[in-house]
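Observations on chain architecture
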Amino acid sequence: MSERLETLKKARDRMIEDRDAHAKVLAAPFERDTAERARNKFVEFQALIDALDRAISGESLVPVKN
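Numbers given to residues run from 1 along each chain, matching the order in which its sequence is written. At least 70 in pLDDT is required for a residue's local features to be given in this predicted model, at least 80 for side-chain atom pairs to be given and counted, and no such filter applies to totals for whole chains, interfaces and linings, which use all residues. Hydrogens are left out, water is left out, and the side-chain values use all remaining heavy atoms of the structure.

**Observations concerning the side chain of Glu-59**
Going along the chain from the N terminus, every DSSP run of H or I of four or more residues is numbered as a helix, and every run of E of two or more is numbered as a strand. Within the element layout of this structure, Glu-59 appears in helix H2 (residues 32-61). Residue exposure (1.4 Å probe, protein chains only): buried if accessible area is under 20% of the type maximum, exposed if over 50%, otherwise partly exposed. Note on Glu-59: relative accessible area 14%, which makes it buried. Excluding residues within four positions of it along the chain, Glu-59 makes contact with Ser-2, Arg-4, Leu-5 and Leu-8. In what follows, a contact means two residues having at least one pair of non-hydrogen atoms within 4.5 Å.

In structure tokens form, the structure reads like this:
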């Protein structure tokens, strides 16, 4: 596996951890300000995870240089 692909996968794993922390806040008893911030951050992280997924897929299509 290329170093670039490995880096993308590590970044994706880290973003999933961060997103999950915001999901826990959303699952907790409702507090308006906290829930709004958590929802916005959750959406941001999910968009980033989706972008990383696309980059990982694209990287898989690029031939490895020797």
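Let's pick the thread back up.
**Notes on the environment of Asp-20**
When you line up the elements, Asp-20 lands in helix H1 (residues 3-27). Residue class for Asp-20 comes out partly exposed when judged on its relative accessible area of 32%. Distance in space between the C-alpha atoms of Asp-20 and Phe-42 is 8.0 Å, their sequence separation being 22 residues.

**Thoughts on the nonpolar core**
Core analysis: the largest hydrophobic core is formed by eight residues, namely Leu-5, Leu-8, Met-15, Ile-16, Phe-45, Ile-49, Leu-52 and Ile-56. Residue assignment for this core shows that the elements contributing at least two residues are H1 and H2. Not counting the four nearest positions on each side in its chain, Met-15 is found in contact with Phe-45, Leu-48, Ile-49 and Leu-52. By convention a nonpolar core is built from buried Ala, Val, Leu, Ile, Met, Phe, Trp, Tyr and Cys residues, the set being connected through side-chain atoms within 4.5 Å.

**Thoughts on H1**
What a helix is expected to span follows from its residue count: subtract one and scale by 1.5 Å. For H1, with 25 residues, the first-to-last C-alpha span of 36 Å sits near the 36 Å given by 1.5 Å per residue. By the burial criterion, the buried members of H1 are Leu-5, Leu-8, Met-15, Ile-16 and Arg-19. Against the buried residues of H1 lie H2.

**Some remarks on the packing of H1 against H2**
All axes are obtained by fitting lines to C-alpha atoms, using only the stretch in contact for helices, and the reported angles, taken between N-to-C directions, cover 0 to 180 degrees. Look at H1 against H2: their axes get within 8 Å of each other, and the N-to-C directions meet at 160 degrees. Taken together, the axis directions place H1 and H2 in an arrangement best described as roughly antiparallel. The chirality of how H1 crosses H2 is left-handed. Residue classes follow a fixed rule: Ala, Val, Leu, Ile, Met, Phe, Trp, Tyr, Cys and Pro count as nonpolar, while Asp, Glu, Lys and Arg count as charged, and any other residue, Gly among them, counts as polar. Here the residues of the contact of H1 with H2 are counted per class, giving 17 nonpolar, three polar and nine charged. By the definition adopted for this analysis, an angle is roughly parallel if under 35 degrees, roughly antiparallel if over 145, roughly perpendicular if from 65 to 115, and oblique otherwise. Crossing handedness is read from the near helix: turned anticlockwise from the far helix by less than a right angle, it gives a left-handed crossing, and turned clockwise, a right-handed one.

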